[in-house]
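Inside the fold
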Amino acid sequence: MKRFLLPIALLVALNGHAQRVDSLALTPPMGWNTYNTFAGNFNEELLREMVDLLVSSGMKDAGYAYVIVDDNWTGPRDSLGFLTVDAKRFPSGLKALSEYIHAKGLKLGLYSDAGYKTCGGYTASRGHEFQDALMFARLGADYLKYDWCNAEGINAVGAYTTMRDALLAAKRPMVFSMCEWGNNKPWLWGAGIGHLWRTTGDITACWDCIDDHGGKYNSYGVMQILDMQEGLRAYAGPGHWNDPDMLEVGNGTLTVSESRAHFSLWCMLAAPLIAGNDLRTMSKTTLEILTNKEAVAIDQDSLGIQGFRQTNADSLEIWYKPLKGGDWAVCFVNRGSKAATIGHDWKKNVIRDDLSKRELNCAQQRYVLRDLWKKKKVGVTSDVLESTIGSHDVLMLRLMK
Ligand code: GLA
């Protein structure tokens, strides 16, 4: 029977769908990616600096494991059709950076695209999927982000399935991040194919705005992206995550409270936590937000249940996320322009989550409240919670049994 033992990654028929079964992303992937701050302005020197800073800042210890080189790293194909690496950016070769990353205990993420060209106009994988997957494996990649620019009407399920099969054939375990912007509802079919799928177009570093890039395409602020997650939670779980795009914590026009709220909400959503800020200039506050281990623990909770919004009144939202062992995360979000004073009676309403079959009934069960940003106990659910929440800020609590 031994020869029938399960390989690391295999496909089984589950509910009629091919399903990828592996343990590469049992919790949402965490890392750092070049794109949000640097777009095409990076080279090997800058990346080595980022790697060093990921370690020395404590981000690695907080869980940020993948260093993801986004668009703009590929050169032309060689005479045999293999991808080359942009020699100007990587005079020592990408393999050298890969070794540097691995020697620091981190992992390498690479980027490609399902079209002939990436969004930035660089060589992409269409027609060379198996050859490129081999190259990613040779370069020591542990993660592939696969974009959707210049896809020219090709079938999304087919394109992402082809690259999944190519990655499996290359025999190096790689997290597969499907960056298809939600165009073809990847939450409906992605679980068998990738470990995470983008649910929206690109994020931009503002609280509540849309940037239309002169009519070419839209990028969305944090609140816009948040609202686009409605109805998707049932599709996420260990090994297959909704991806509301990378973090803008510490970037653009986001204030400290907005960055904190953005981070808290991504944790409530069980979103991949891929930082995208300049680690050389990051403020102490930005670092404190990104490395708040108690907030990260909400994101990384092993049950892998995406949180949900329960009320939406007077610009105040309450988000709930059931956690392993009977705890809950609860996040009050003030989307309004003025501070909000709350008097929250935990015993008044029973919160039922049909998806996880969990119930928060504070009339029957008393929980201790831990404020995850003040990092202290702030009461119990048998008392009414009195608090003032600043504009565009959150009160994020762990309810502990
Ligand atoms: C698309 C993706 C982004 C980024 C850029 C790179 O817009 O959605 O996340 O990868 O391409 O050009």
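Residues numbered from 1 in each chain as written. Predicted model: local features only at pLDDT ≥ 70, side-chain atom pairs only at ≥ 80, totals over all residues. Heavy atoms only, no water.

Observations concerning the sheet that holds strand β14 (residues 273-275)
- Read from one edge of the open sheet, eight strands run β13-β10-β9-β8-β7-β4-β3-β14, paired in parallel fashion. Pairing within the sheet leaves two strands with one partner each, and these edge strands are β13 (241-243) and β14. Recorded for the sheet is a direction-independent mean angle of 25 degrees between the axes of neighbouring strands.
- Here strand β8 (residues 141-147) pairs with strand β9 (residues 175-178) via four bridges, running parallel. Considered in β9, the bridge of K145 is made with S177.
- Sheet strands touched by helix α5 (residues 129-138): β7 (107-113) and β8. Its angle to β8, the strand with the most contacts, is close to 145 degrees. (Pairing = 2+ DSSP bridges. Helix = DSSP H or I, 4+ residues; strand = E, 2+ residues; numbered from the N terminus. Axes fitted to C-alpha atoms, helices over the stretch in contact; angles between N-to-C directions. Contact = heavy atoms within 4.5 Å.)

Description of the packing of helix α2 (residues 44-56) against helix α4 (residues 94-103)
- Running from amino to carboxyl end, α2 crosses α4 at an angle of 5 degrees, the nearest separation of the two axes being 10 Å. Taken as axis vectors, α2 and α4 run roughly parallel relative to one another. Facing E44, L47, R48, V51 and D52 of α2, the residues of α4 in contact are A96, L97, Y100 and I101.
- Class assignment of the residues belonging to the contact of α2 with α4 gives a composition of six nonpolar, no polar and three charged. (Parallel < 35°, antiparallel > 145°, perpendicular 65-115°, else oblique. Nonpolar A, V, L, I, M, F, W, Y, C, P; charged D, E, K, R; others polar.)

Considerations on the domain arrangement of the chain
- When the domains of the chain are assigned, the result is domain 1 (11-299) and domain 2 (308-400).
- Computed over C-alpha atoms, the centres of domain 1 and domain 2 are 31 Å apart.
- Contact residues are listed per partner, giving 25 residues for domain 1 and 24 residues for domain 2.
- Considering only the surface of domain 1 that becomes buried against domain 2, R233, M268 and I298 emerge as the three largest contributors, covering 32% of it.
- The interface formed by domain 1 and domain 2 includes six salt bridges.
- For R335, the salt bridge identified is with D227, shortest N-O distance 2.9 Å.
- Listing elements by their share of the side of domain 1 that touches domain 2, those giving two or more residues are α7 (222-227), α8 (256-268), α9 (284-290) and α10 (293-299).
- Per element, the largest residue contribution to the side of domain 1 that touches domain 2 is nine residues, and it comes from α8. (Domains from an automatic or database assignment. Buried area = accessible area lost by both parts, 1.4 Å probe. Salt bridge = Lys/Arg side-chain N within 4 Å of Asp/Glu carboxyl O.)

Remarks on the side chain of R89
- By secondary structure assignment, the location of R89 is in the loop between β6 (83-85) and α4.
- Only 3.0 Å separates the side chain of R89 from the backbone oxygen of F42, close enough to count as a polar contact.
- Within polar-contact distance, the side chain of R89 engages the backbone oxygen of N72 at 2.6 Å.
- Contact partners of R89, with chain neighbours within four places excluded, come to G40, N41, F42, N43, E44, N72 and Y122. (Polar contact = N/O pair within 3.5 Å; in protein donor to acceptor, adjacent residues only side chain to side chain.)

Brief notes about empty space enclosed by the protein
- As enumerated under the stated definition, the model contains one cavity of 30 Å³ or more in all.
- In this model, the largest cavity occupies a volume close to 80 Å³.
- Forming the boundary of the largest cavity are N33, I68, Y143, K145, S177, L196, R198, D243, D245, M246 and I274.
- Elements with a contribution of two residues or more to the lining of the largest cavity: β8 and β10 (196-198).
- Residue composition of the lining of the largest cavity, by class: five nonpolar, two polar and four charged. (1 Å grid on protein atoms, 1.4 Å probe; cavity = no way out; pocket = protein on both sides within 12 Å on 5 of 7 lines; lining within 4 Å. Points joined across faces, edges and corners; volume = space filled by probe spheres on them.)

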